[in-house]
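Chain and residue survey
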Amino acid sequence: MAEGTRSLRGGSPASSPVLGGRGRSAVAAAAVAAAVAVGGSSSSSPPGHGFRRVTLTKPTFCHYCTDFIWGLAGYQCEVCNFMSHEKCLKNVKIPCSCIAPSLVRVPVAHCFGPPGHYKRKFCTVCRKSLESSAFRCEVCELHVHTDCILFACSDCRQCHQDGHQDHDTYHHHWREGNLSSSARCEVCKKTCGSSEVLSGMRCEWCGILAHAACYIIVTPECTFGRLRNMILPPSCVQLFSRNFSKLHCFRISENLQTESDEDDDVDGSTQGSAKDVQISTDSSKQTLKIFDGNDAVKRNQFRLISVPRIAKNEEVVEAALRAYYINDDQQEYELQTFTQQALLSDDVINRNDAAEDSNLGSVFRESVPEAWIIRAKPKDEEVIRIYPAWLKVGMAYVSLRVNKDSTTQTVIKEVLPLLGRQMECLQNFKLVEVLMGSKQVQRMVLDNQELILNRLKDIRKTSIRQMNQTRFYIVENSKSIVRVNLFVGGLPPQLSPEEYTNILKDELAIKTNVVSVSHVYQAQGAVVLEISCFSEAERIYMLVKDTTVNDKPLNAVVIPEVMASKIPRNCCPLLVFVNPKSGGLKGRDLLYSFRKLLNPHQVFELTNGGPLPGFHTFSKVPSFRVLVCGGDGTVGWVLGALEEIRHKLVCSEPSVAILPLGTGNDLGRVLRWGAGYSGEDPYSILVSVDEADDVLMDRWTILLDAEEPAEGAENGVAEPEPPKIVQMNNYCGLGIDAELSLDFHHAREEEPGKFNSRFHNKGVYVKVGLQKISHTRNLHRDIKLQVDQHEVELPSIEGLIFINIPSWGSGADLWGSESDNRFEKPRIDDGLLEVVGVTGVVHMGQVQGGFRSGIRIAQGSYFRVTLLKPIPVQVDGEPWIQAPGRIIISAAGPKVHMLKKSKQKQKKTGSLREMRVDSTSASEGGR
């Protein structure tokens with residue numbers, strides 16, 4: 001191999017934030033060394049930018065200092081559109097988008113949801129406002145235009161270990177811009193946010209804010225800020241995902257994702273690029289279609305550039321490179337043209353040499369822009385960077401000159417001495433090619449005899465953009481252990497592990513040599529599969545979606561493995577359950593917010609497998625808390641699942657907090673979480689959960705034993721319904737109360753789309769109540785009540801209600817506050833239920849208005865109700881018609897631990913975001 005440049009570049013994390021930045025963190029020294037400004041700028045230019053003086057035709061703000069640029073002249077980067085005062089040029093530290101991939105410390109792909117419209121946000125790539133449809137990452141604060149998504153680098157938060165460059169020490173993960181205009185810098189305490197430009201820096205773990213000039217002096221180590229005790233540390237989470245979609249890894253509903261990524265790319269590239277470069281009507285200019293390789297031609301993904309008709313070839317090449325965010329020397333590239341006929345062909349081979357077809361006619365030549373492919377000129381030798389994958393801190397690399405005879409094996413042989421590993425055997429190492437795409441990070445092990453220059457040529461022929469996003473890592477050979485955990489639900493309950501295995505063999509054709517059942521949840525009809533083969537895991541996951549067992553669809557969830565031994569002692573992670581169907585669209589907004597504030601692996605969507613995947617994931621965590629975002633029914637669902645799985649949890653009694661999203665939200669009111677979520681800052685909610693007080697609450701078991709057969713039995717002969725057991729947290733109603741709930745339930749089933757707000761839901765309750773106002777029922781004649789083995793005579797009532805908490809029907813006090821020597825003062829943990837009667841709809845309305853209370857009947861711990869005829873029954877808002885028989889209510893096992901919001905108000909500060917920072921450590925780092 002020819003002798004050439006061979007050096008190890010890197011630095012200390014203490015002196016260089018980019019080494020701990022893991023994203024577009026920039027350090028002037030490293031960035032300038034790696035960057036060459038477009039247009040031949042001198043080495044003293046800001047990192048990667050190619051600034052030119054421009055005439056301003058509209059109000060413009062500086063991206064460095066955020067101040068207004070007075071006068072008619074400013075300086076703009078020709079690649080990323082960074083605007084600056086002349087006086088600010090020498091201070092610019094933010095790197096250009098063209099060198100951003102070279103500054104990525106650990107490549108982590110983004111998790112993009114569907115395109116949407118985001119007000120007052122800016123694109124991270126081109127720095128322009130998101131006026132049209134755009135993408136945002138569901139895990140970090142990245143926002144990009146549809147046509148910029150291909151150029152976004154893979155610098156998302158690293159939320160778990162995946163066997164590639166795993167770290168135990170975490171550094172700040174900086175993201176530029178999209179801060180509120182009131183944001184303040186942690187270092188200089190001045191305003192660092194702007195609603196006019198992409199400006200300011202924010203750590204996406206601890207929330208610390210800083211100016212672009214200030215953040216480089218902040219201590220690189222991140223302590224996760226105010227929420228450190230609630231965040232599941234990324235170093236404690238392991239997930240082997242390979243080709244699993246990021247949406248699958250973070251259990252984000254697939255109905256949010258568009259149907260075809262490929263189609264999205266085509267549309268975004270063609271339409272989005274046209275928004276910046278309109279087909280010119282100026283006769284002195286021409287608009288050209290530029291493809292960056294064979295892949296772009298196949299997908300019809302092009303960029304439009306506008307150049308003077310008399311432009312030199314070098315100027316056109318330079319403009320084409322800028323369009324693809326490449327800052328290489330334009331002398332190394334050339335443009336090759338092809339005809340419209342070739343463009344329509346599926347064959348991209350030799351199309352550059354095809355002669356123009358005269359039959360196309362002048363219409364095509366005049367209306368369709370001329371199309372070109374930008375190609376890299378062949379080289380006899382070049383310098384490549386080799387990154388050592390075992391490096392835990394820093395972003396060092398070896399620069400190595402390779403020629404036409406250089407193979408993977410010779411590269412490894414030359415690199416090892418430069419890394420101090422010259423005494424080790426070559427067979428212990430491999431060279432891995434990594435494509436750092438914004439949507440997926442792809443790794444490929446190179447064959448030992450593969451010619452490196454040929455490999456580089458193939459990549460550039462496919463796409464010069466991909467070449468800019470490709471790295472080579474030298475990796476130690478180690479026996480990789482693949483372990484994918486797949487939660488499969490929807491199976492028949494109460495079966496043995498062998499029976500579940502047989503079902504999976506029959507329905508999914510699982511390979512038992514690589515698939516084993518590691519956990520069985522018989523009561524819920526669910527299993528956890530441990531799979532030691534990526535392709536088998538992917539096949540099973542995709543097949544489960546279209547599989548039914550006993551006419552019930554199966555569901556699959558990719559779940560991470562939490563390494564409990566690595567969790568710090570003072571850490572009590574928060575397990576978050578969100579019901580996106582509750583509270584209109586607020587549930588989905590909260591999902592997005594909590595994924596940003598916490599580790600997304602601790603946030604679970606209840607419509608995707610229910611609570612069980614979350615509890616299984618946290619089963620080995622020694623101490624954790626739970627936050628349930630939903631209505632009272634959702635809270636009951638989660639508490640019921642917790643009761644069933646409690647014996648399999650190391651932390652068998654986690655405390656549960658509530659973020660009320662339902663209609664009544666009675667339990668949320670009692671525990672001071674409010675009448676309903678109305679858009680409070682999710683960060684302040686998490687702080688309130690952290691400061692909440694632990695209280696106990698009774699739960700009750702209701703046994704429903706029908707003595708008569710169910711209606712509709714064939715030939716009038718049928719067995720009575722088997723006894724059914726339900727759990728109660730709030731209250732249980734018989735009669736008029738349950739009848740109104742049943743009518744509301746039927747109305748919601750007929751038109752579910754209308755029931756998306758508390759106001760509308762309460763309006764429907766009022767409507768069904770008015771319809772029942774003249775009805776007369778004699779419930780006291782149709783039921784008999786025993787309390788603690790004593791018969792209780794019922795007064796003339798239409799509804800009988802058993803209450804466990806002092807809130808009923810959206811906050812009404814049914815028991816009342818008057819003292820009564822016959823009964824004890826009710827508490828949620830006294831082991832007693834209160835029995836109250838209502839005389840009809842009018843009485844219920846008076847209770848709701850606070851004018852009356854219910855009729856106090858009894859207080860006890862064991863109840864037997866005998867039904868003499870079918871009667872409406874509701875438990876915690878879930879109604880049905882109960883056949884004649886017995887209802888037995890008794891205490892349900894141990895009391896449940898709930899979190900009650902503390903009365904102490906938070907101290908007011910200048911900004912909520914400032915509270916997210918551990919000010920002590922940050923201030924010390926800044927000084």
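What you see is a predicted model, and the numbers here were worked out from it, not measured in a lab. (Residues numbered from 1 in each chain as written. Predicted model: local features only at pLDDT ≥ 70, side-chain atom pairs only at ≥ 80, totals over all residues. Heavy atoms only, no water.)

Right, let's talk about the nonpolar core for a bit. One finds Val-144, Phe-594, Phe-615 and Leu-627 to be the most contacted residues of the largest nonpolar core, which totals 144 residues. Setting aside chain neighbours within four positions, we find Phe-594 in contact with Val-576, Val-578, Val-603, Leu-627, Cys-629, Leu-659, Pro-682 and Leu-686. If you look at the next biggest cluster of nonpolar residues, it comprises 30 residues, including Leu-239, Leu-491, Tyr-500 and Ile-531. (Core = buried A, V, L, I, M, F, W, Y, C linked by side-chain atoms within 4.5 Å. Buried < 20%, exposed > 50% of the residue type's maximum accessible area, 1.4 Å probe, protein only. Contact = heavy atoms within 4.5 Å.)

It is worth spelling out the pattern of salt bridges at this point. Side chains that carry opposite charge are capable of pairing whenever their charged atoms lie near each other. For the structure on display, the rule yields 30 salt bridges. The salt bridge partner of Glu-818 is Arg-856, with a shortest N-O separation of 3.6 Å. Here Glu-818, found in the loop between strand 37 (799-803) and strand 38 (833-838), pairs with Arg-856, found in strand 39 (residues 855-860); they are 38 residues apart in sequence, far enough to count as distant. A network of salt bridges, in which partner residues are shared, links Arg-52, Glu-78, Glu-318 and Arg-322. (Salt bridge = Lys/Arg side-chain N within 4 Å of Asp/Glu carboxyl O. Helix = DSSP H or I, 4+ residues; strand = E, 2+ residues; numbered from the N terminus.)

A word on empty space enclosed by the protein. Using the criterion set out here, one finds nine cavities of 30 Å³ or more in the structure. One number sums up the size of the largest cavity: a volume of about 90 Å³. Forming the boundary of the largest cavity are 13 residues, of which Leu-150, Asp-292, Gln-301, Tyr-324 and Arg-465 lie nearest the centre. (1 Å grid on protein atoms, 1.4 Å probe; cavity = no way out; pocket = protein on both sides within 12 Å on 5 of 7 lines; lining within 4 Å. Points joined across faces, edges and corners; volume = space filled by probe spheres on them.)

Before going further, it helps to spend a moment on the side chain of Asn-804. Note on placement: Asn-804 falls in the loop between strand 37 and strand 38. Of the polar contacts made by the side chain of Asn-804, one reaches the side chain of Trp-700; its length is 3.0 Å. Asn-804 has contacts with Met-697, Asp-698, Trp-700, Met-728, Asn-729, Asn-730, Arg-827, Ile-828, Leu-832 and Leu-833, leaving out every residue within four places of it along the chain. (Polar contact = N/O pair within 3.5 Å; in protein donor to acceptor, adjacent residues only side chain to side chain.)

Compared with an ideal rise of 1.5 Å per residue, which puts 12 residues at 16 Å, helix 14 (residues 586-597) spans 16 Å between its outermost C-alpha atoms and is within 8% of the ideal. Within helix 14, the full set of buried residues consists of Gly-587, Leu-590, Leu-591, Tyr-592, Phe-594, Arg-595, Lys-596 and Leu-597. (Expected span 1.5 Å × (residues − 1).)

With that settled, consider the sheet that holds strand 14 (residues 370-376). Strands in a sheet are paired, the pairing made by backbone hydrogen bonds, and the direction either parallel or antiparallel. Ordered in space as 12-11-14-13, the four strands form an open sheet in which the pairing is mixed. Sheet topology places strand 12 (303-308) and strand 13 (333-337) at the edges, where each strand pairs with a single neighbour. The average undirected angle you get between the axes of adjacent strands in this sheet is 40°. (Pairing = 2+ DSSP bridges. Axes fitted to C-alpha atoms, helices over the stretch in contact; angles between N-to-C directions.)

Turning our eyes to something else, we now look at helix 16 (residues 632-645). With 14 residues, helix 16 ought to run about 20 Å at 1.5 Å a step, and its terminal C-alpha atoms sit 20 Å apart, in line with that. Of all 14 residues in helix 16, 10 are buried, a share of seventy percent or more. Along helix 16, the positions that sit buried rather than exposed are Asp-632, Thr-634, Val-635, Gly-636, Val-638, Leu-639, Gly-640, Ala-641, Leu-642 and Ile-645.

Strand order in the open sheet formed by six strands is 39-38-37-34-41-42, with antiparallel pairing between adjacent strands. Two strands bound the open sheet, and with one partner strand each, they are strand 39 and strand 42 (878-882). Within the sheet, the average angular offset between the axes of one strand and its neighbour, ignoring direction, is 20°.

Tallied over the full model, the rule gives 18 aromatic pairs. Taking 6.5 Å as the distance between ring centres and 40° as the angle between the ring planes, the aromatic pair formed by Tyr-170 and Phe-224 counts as tilted. Separated by 54 residues along the polypeptide, Tyr-170 in the loop between strand 6 (143-145) and strand 7 (174-176) and Phe-224 in the loop between strand 9 (209-210) and strand 10 (237-238) bring together distant segments of the chain. Note on Tyr-387 and Tyr-473: the rings are 5.5 Å apart at their centroids and 40° apart in plane angle, and the pair reads as tilted. Taken together, the residues span a long stretch of sequence, with Tyr-387 in strand 15 (residues 381-388) and Tyr-473 in strand 19 (residues 470-476) at a distance of 86 residues. Like Tyr-387, the residue Tyr-473 is buried in the burial classification. (Phe/Tyr/Trp six-rings, centres within 6.5 Å; stacked < 30°, edge-to-face > 60°.)

Another point: the confidence of the model for the protein chain. When pLDDT is averaged across the protein chain, the result is 81; 79% of the residues are at 70 or more. Looking over the protein chain, one finds the lowest element-wise mean pLDDT in helix 1 (residues 18-21), namely 31, and the highest in strand 27 (residues 574-578), namely 96. Below a pLDDT of 50 lies the segment residues 256-275, which in the model reaches 36 contacts outside its immediate sequence neighbourhood of four places, other chains included. Taken as a whole, residues 712-717 scores under 50 in pLDDT and shows one contact with residues more than four places along the chain or in a different chain. (pLDDT = per-residue confidence, 0-100.)

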